[in-house]
Amino acid sequence: QVQLVESGGGWVQAGGSLRLSCAASGRTVSSYAMGWFRQAPGKEREFLAAIRWSGGITVYADSVKGRFTISRDRAKNTVALQMNSLKPEDTAIYYCAQGNVLGRRYRDYDVWGQGTQVTVSS
């Protein structure tokens, strides 16, 4: 079983950038894909991006394509989300997750971190 811990959240002005990191521990070698989701108050958890742990193939949600970049460091057991051109509507709690398929659905992932808050002000 893998344990995930997010970090790097905080406050940023609209148009700014932020880099989130997710550290994995435990049975990391069994992970197939890592994903990033976010959830704003009163809204459903939203898929953002995912990456194959071994091959590096990526998928993105249309809402963040061109602004967000997902990457992984297999040696350090981390996955990052570089977020550029941030907008107030990006304000949410951001979660990383581990799954067995490179999917876009909540149910494609079975291990979740605690989340980190991102606040974008205008």
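Given the structure is predicted, the values throughout are model-derived calculations rather than measurements.

K.L.:
When you look at the pattern of salt bridges in this model, what are you seeing that I'm missing?
P.N.:
Once the charged atoms of two side chains with opposite charge are near each other, the side chains can pair. A complete count under the given rule lists 5 salt bridges for this structure. Note that Lys-65 is salt-bridged to Asp-62, the shortest N-O span being 3.1 Å. Here Lys-65 matches Asp-62 in class, with each residue exposed. Several salt bridges converge on common partners, so that one network encompasses Arg-38, Glu-46, Arg-67 and Asp-90.

K.L.:
Which parts of the structure should I look at to understand the sheet that holds strand S1 (residues 2-7)?
P.N.:
By way of backbone hydrogen bonds, the strands of a sheet pair with one another, either parallel or antiparallel. The sheet built from 4 strands is open, its strands ordered S1-S3-S8-S7 with antiparallel pairing. On the outer flanks of this sheet lie S1 and strand S7 (68-73), each paired with one strand and no other. Between one strand axis and the next, the sheet turns through 20° on average, direction left out of account. Pairing of S1 with strand S3 (residues 18-26) involves 6 bridges; the strand directions are antiparallel.

K.L.:
Whenever I open this one, the nonpolar core confuses me. Can you help?
P.N.:
Across soluble globular proteins, you tend to see nonpolar side chains buried next to one another. With 37 residues, the main nonpolar core has Leu-4, Leu-20, Trp-36, Ile-70, Leu-81, Met-83 and Tyr-94 as its most contacted residues. With residues near it in sequence (within four places) discarded, Ile-70 still touches Met-34, Trp-36, Ala-49, Ala-50, Ile-51, Thr-58, Tyr-60, Val-79, Ala-80 and Leu-81.

K.L.:
Honestly, unusual backbone geometry in this entry has me stumped. Any pointers?
P.N.:
Excluding glycine, residues mostly carry a negative phi; peptide bonds, for their part, are mostly trans. Positive phi, normally seen in glycine, also occurs at Asn-77, with a value near 55°. Among the secondary structure elements, Asn-77 is positioned in the loop between S7 and strand S8 (78-83). Using a relative accessible area of 25% as the deciding quantity, one classes Asn-77 as partly exposed. Of note, Ser-85 is a non-glycine position whose phi angle comes to about 50°, a positive value. One can find Ser-85 in the loop between S8 and strand S9 (92-99). A residue is classified by how much of its surface remains accessible, and Ser-85, at 42% relative accessible area, is partly exposed.

Conventions used here
- Residues numbered from 1 in each chain as written.
- Predicted model: local features only at pLDDT ≥ 70, side-chain atom pairs only at ≥ 80, totals over all residues.
- Heavy atoms only, no water.
- Salt bridge = Lys/Arg side-chain N within 4 Å of Asp/Glu carboxyl O.
- Buried < 20%, exposed > 50% of the residue type's maximum accessible area, 1.4 Å probe, protein only.
- Pairing = 2+ DSSP bridges.
- Helix = DSSP H or I, 4+ residues; strand = E, 2+ residues; numbered from the N terminus.
- Axes fitted to C-alpha atoms, helices over the stretch in contact; angles between N-to-C directions.
- Core = buried A, V, L, I, M, F, W, Y, C linked by side-chain atoms within 4.5 Å.
- Contact = heavy atoms within 4.5 Å.

So far we have only geometry, and geometry alone does not tell us how the molecule works.
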